[in-house]
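The lines below spell out each chain.
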Amino acid sequence: MSTKIWLSSPHMGGNEQKYVNEAFEANWVAPLGPNVDGFEKDLEHFLNADVNVAALSAGTAALHLALVQCGVVHGDEVICQSMTFSASANPIAYCGATPVFIDSEIDTWNMCPIALKEAIEERIAKSKKPKAIIVVHLYGMPAKMDEILAIANQFDIPVIEDAAEALGSTYKGKACGTFGRFGILSFNGNKIITTSGGGALVCHTQEDKDKTVFLSTQARDNAPHYQHSEIGYNYRMSNIVAGIGRGQMEVLSSRVAARRKMHDFYTALFKDMDGVQVLTEPSSDFYSNHWLSAIVVNQEITGKTREDLRLALLEDNIESRPLWKPMHQQPVFANAPYYGTDISEKLFNNGLCLPSGSNLTDEERERIALKIQEFFSK
Ligand SMILES: *Cc1c(COP(=O)(O)O)cnc(C)c1O
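Predicted, not measured: the structure shown is a model, and the values here were computed from it. (Residues numbered from 1 in each chain as written. Predicted model: local features only at pLDDT ≥ 70, side-chain atom pairs only at ≥ 80, totals over all residues. Heavy atoms only, no water.)

**Focus: the domain arrangement of the protein**
- What the domain assignment lists for the protein is domain 1 (16–251) and domain 2 (253–377).
- One C-alpha centre belongs to domain 1, the other to domain 2, and the line joining them spans 25 Å.
- Residue-level contacts link 45 residues of domain 1 with 40 residues of domain 2.
- Summed over both partners, the interface of domain 1 with domain 2 comes to about 3,800 Å²; 65% of that surface belongs to carbon and sulfur atoms. (Domains from an automatic or database assignment. Contact = heavy atoms within 4.5 Å. Buried area = accessible area lost by both parts, 1.4 Å probe.)

Here it is as structure tokens:
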């Protein structure tokens, strides 16, 4: 059996262990310390905007604290892109709120501004004004932020950007994760950089960051004893994990370049193949980190399905993955309202993410290319 080619696997830069060792040597083995501060500064610098970043235990935790700070409570409604990973929607349920799911548009596969507007108007007519809008930059592709922010501002609803997959992506030159009231980042094992597990909340004021840190460390009041006036969470990033993050930040730009090269590789591979479309930036306003390269297979033209392709790749120990199954089609969210048509459903039915790691070798690319060419020529 040939060695496994992963969809996306951790890719260390070399200095991660140095920062982790420093934490051990100074006994900063805690959810605070110089690596946490350093990692936050590195992220603020990289995002190149006037932001304050709080390092947390996971992207999911960051999203939960964003919702808490947008005042989401039991019985509220929160708008969320339907086509996404479940972690975008689960924190809405943690708050006891109901998600209202929105279809994708075909250019970026992210939230459709038309369906968004329709949803807000109808929810308001039902006296259920949404408390927040969660927009996702799927696979690194920026959403149509101008359109979405215009609608959000018109109705005065805060935007939370799920940029878990989009660190290094920009829209009109501005970093994804810095547009909304809050942005969330993830450093889980298969993201563009990883700390093994971790996340961050991007805030726009020191006050919001301080509040995030306060909530993430059990909401302890300023008193010599342990006193609490609010419900807290245990969501802060540890200084060990942040050490990995500092090492990863040194190589983030080269990781973005390598992922974008994988996208170029697939673009060239499918250039002359009818019926296969690669997710590509709709214009120069959009700059994707291309965390995952994704395709849509047109069955009528190719005579094959994305599932046929997935299984053919698997035969050669090459991992691929269907696109995210839309949340409005998930059993757990069966009762949630949904606005849109069948765009996300069709993308799910016909779409596949291909191996996209920044650590793939020329031989591995060769293996992928041969297998795909063989599959479509049969
Ligand atoms: C990975 C991911 C998350 C969750 O991040 P974790 O750090 O794994 O909790 C949220 N949203 C999207 C779109 C993701 O891909």
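**Quick notes on the sheet that holds strand 6 (residues 170–171)**
- Taking strand neighbours across the sheet as the criterion, the 3 strands line up as 7-6-11 in an open arrangement whose pairing is antiparallel. Each edge of the sheet is formed by a strand with only one pairing partner; in this case those strands are strand 7 (174–175) and strand 11 (286–287).
- Pairing of strand 6 with strand 7, which is carried by 2 bridges, proceeds in the antiparallel orientation. For Thr170, the partnering residue across the bridge sits in strand 7 and is Ala175. (Pairing = 2+ DSSP bridges. Helix = DSSP H or I, 4+ residues; strand = E, 2+ residues; numbered from the N terminus.)

**Thoughts on helix 5 (residues 113–125)**
- Along its 13 residues, helix 5 runs 18 Å from first to last C-alpha, staying within 8% of the 18 Å computed at 1.5 Å per residue.
- Along helix 5, the positions that sit buried rather than exposed are Pro113, Ala115, Leu116, Ala119, Ile120 and Arg123. All buried residues of helix 5 fall inside an arc of 155° around its axis, so they share one side. Turned more than 90 degrees from where helix 5 packs its buried face, Ile114 and Ala125 sit exposed. (Expected span 1.5 Å × (residues − 1). Buried < 20%, exposed > 50% of the residue type's maximum accessible area, 1.4 Å probe, protein only. Arc of directions from axis to C-beta.)

**Some words on the sheet that holds strand 1 (residues 52–56)**
- Strand order in the open sheet formed by 8 strands is 1-9-8-5-4-2-3-14, with mixed pairing between adjacent strands. The open sheet is flanked by strand 1 and strand 14 (338–339), the only strands paired with a single partner.
- Lying over the sheet, helix 6 (residues 145–154) contacts strand 4 (133–136) and strand 5 (159–162), oriented at roughly 150° with respect to strand 5. (Axes fitted to C-alpha atoms, helices over the stretch in contact; angles between N-to-C directions.)

**With respect to the pairing of strand 5**
- The side-chain alternation of strand 5 yields two buried faces, one formed by Val159 and Glu161 and the other by Ile160 and Asp162.
- Traced from strand 4 through helix 6 to strand 5, the parallel crossover comes out right-handed.
- Of the pairings in the sheet, the one linking strand 5 to strand 8 (residues 182–186) comprises 3 bridges and is parallel in character. The partner of Ile160 across the bridge, within strand 8, is Phe182. (Right-handed = clockwise from strand over helix to strand, strands pointing away.)

**Brief notes about the site of the ligand**
- The environment of the ligand is made up of 15 residues, and the closest members are Thr60, Asp162, Glu165, Ser186 and Lys191.
- Glu165 is positioned such that a nitrogen or oxygen atom in its side chain is 2.6 Å from an oxygen atom of the ligand.
- Contact between the ligand and Asn188: an oxygen atom at 2.7 Å from a side-chain N or O atom of the residue.
- Partitioned by chemical class, the residues of the shell around the ligand number 5 nonpolar, 7 polar and 3 charged. (Near = heavy atom within 4 Å. Polar contact = N/O pair within 3.5 Å; in protein donor to acceptor, adjacent residues only side chain to side chain. Nonpolar A, V, L, I, M, F, W, Y, C, P; charged D, E, K, R; others polar.)

**Description of unusual backbone geometry**
- The backbone phi angle of Ser196 is positive, close to 85°, even though this residue is not glycine.
- Taking the relative accessible area as the measure of exposure, Ser196 reaches 52% and is therefore exposed.
- Despite not being glycine, His290 shows a phi value in the positive range, around 45°.
- Tracing the chain through its elements places His290 in the loop between strand 11 and strand 12 (293–297).

**Some details on the packing of helix 3 (residues 59–69) against helix 7 (residues 206–216)**
- Remark: helix 3 packs on helix 7, axes separated minimally by 11 Å, with the N-to-C direction vectors making an angle of 115°. Between helix 3 and helix 7 lies a crossing of right-handed hand. Contacts between helix 3 and helix 7 involve Leu65, Val68 and Gln69 from the former and Asp208, Lys211, Thr212, Leu215 and Ser216 from the latter.
- Partitioning the contact of helix 3 with helix 7 into residue classes produces 3 nonpolar, 3 polar and 2 charged. (Left-handed = near helix turned anticlockwise from the far one by under 90°.)

**Some points on the packing of aromatic side chains**
- For the structure shown, the criterion picks out 13 aromatic pairs.
- Each ring, one from Phe265 and one from Tyr266, has its centre 4.9 Å from the other, and the planes form 65°; the classification is edge-to-face.
- Here a set of aromatic residues connected by ring pairs shows up, and it is made of Phe85, Trp109, Tyr139, Trp291 and Trp324.
- The ring of Phe179 is capped by Lys174, whose NZ or CZ atom sits 5.1 Å from the centre of that ring. (Phe/Tyr/Trp six-rings, centres within 6.5 Å; stacked < 30°, edge-to-face > 60°. Lys NZ or Arg CZ within 6 Å of the ring centre and 35° of its normal.)

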